[in-house]
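# Coordinates in review
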Amino acid sequence: MKILVLNGPNLNLLGRREPDIYGTATYDDLTAAVRRHAEKLGVEVEIRQSNHEGDLVDWIGEAIGTADGIVLNPAAYTHTSVALLDAVLAAGIPTVEVHLSDLTKREAFRQISFVRAACIATVMGHGIAGYTEAMDLLVKR
Ligand code: CA2
């Protein structure tokens, strides 16, 4: 089984500000936790991050026929991107939406998620542990 983990804008800067919202773990900590968990589960993993919406759309499209599941934190594009929603719908690959923070406790504009309609589950508010929980959901499925 192969899982693709996609991260949206600014997540590469994780751990550098707003620790009260996002925790103190860095992006390297996140990728290390995901790789460790993939090894434990016996699955292949590929992790990517981009600040550009089109990169994320392209990577979802390229996953067709190569990935069995996607863990997707679209970051700010969660709240704006119909293109990402359409990409996940078109790919037809089981996808779990992940957020480090609990969006239900944040600003009104963060209550909207376009991609959610195409995802099999959403994990939020568990920090980087949310990524490994999402991987478990995909493996169980
Ligand atoms: O909670 C999440 O995981 C978010 O997807 C993170 C996004 C935010 O726009 C979403 O509403 C919720 C922000 C990613 C930026 O992450 C940073 C965190 C700390 C320091 C620098 C960047």
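Coordinates for the structure precede this section.
Because the structure is a prediction, the values reported are computed rather than measured. (Residues numbered from 1 in each chain as written. Predicted model: local features only at pLDDT ≥ 70, side-chain atom pairs only at ≥ 80, totals over all residues. Heavy atoms only, no water.)

### With respect to the environment of Thr80
When you line up the elements, Thr80 lands in the loop between strand S3 (69–73) and helix H4 (82–91). By relative accessible area, Thr80 is classed as exposed at 53%. A sequence separation of 30 residues divides Thr80 from Arg110, and the C-alpha atoms of the two residues are 9.6 Å apart. (Helix = DSSP H or I, 4+ residues; strand = E, 2+ residues; numbered from the N terminus. Buried < 20%, exposed > 50% of the residue type's maximum accessible area, 1.4 Å probe, protein only.)

### Side note on the site of the ligand
Taken together, 16 residues lie around the ligand, and Asn73, His79, Leu100, Ser101 and Arg110 are the ones closest in. Within the side chain of His99, a nitrogen or oxygen atom sits 2.9 Å from an oxygen atom of the ligand. Separating an oxygen atom of the ligand from a side-chain N or O atom of Arg110 is a distance of 2.8 Å. If the ligand stood free it would expose 500 Å²; the protein chains cover 97% of that surface. One can see that the ligand is located within the largest pocket. Within the shell around the ligand, the residues separate by chemical class into nine nonpolar, five polar and two charged. (Near = heavy atom within 4 Å. Polar contact = N/O pair within 3.5 Å; in protein donor to acceptor, adjacent residues only side chain to side chain. Areas by Shrake-Rupley, 256 points an atom, 1.4 Å probe, with all protein chains shown as cover. 1 Å grid on protein atoms, 1.4 Å probe; cavity = no way out; pocket = protein on both sides within 12 Å on 5 of 7 lines; lining within 4 Å. Sits in = over half its atoms within 2 Å of the grid points. Nonpolar A, V, L, I, M, F, W, Y, C, P; charged D, E, K, R; others polar.)

### A closer look at the pattern of salt bridges
Inspection of the entire model under this criterion finds seven salt bridges. For the salt bridge of Lys2 with Glu46, the shortest nitrogen-to-oxygen distance reads 2.8 Å. Of this pair, Lys2 sits in strand S1 (residues 2–7) while Glu46 is found in strand S2 (residues 44–49), placing the two residues 44 residues apart along the sequence. Residue class for Glu46 comes out partly exposed when judged on its relative accessible area of 22%. As a salt-bridge pair, Glu46 and Arg48 come within 2.8 Å of each other at their nearest N and O atoms. (Salt bridge = Lys/Arg side-chain N within 4 Å of Asp/Glu carboxyl O.)

Spatial relationships are all this shows, so hold off on functional conclusions.
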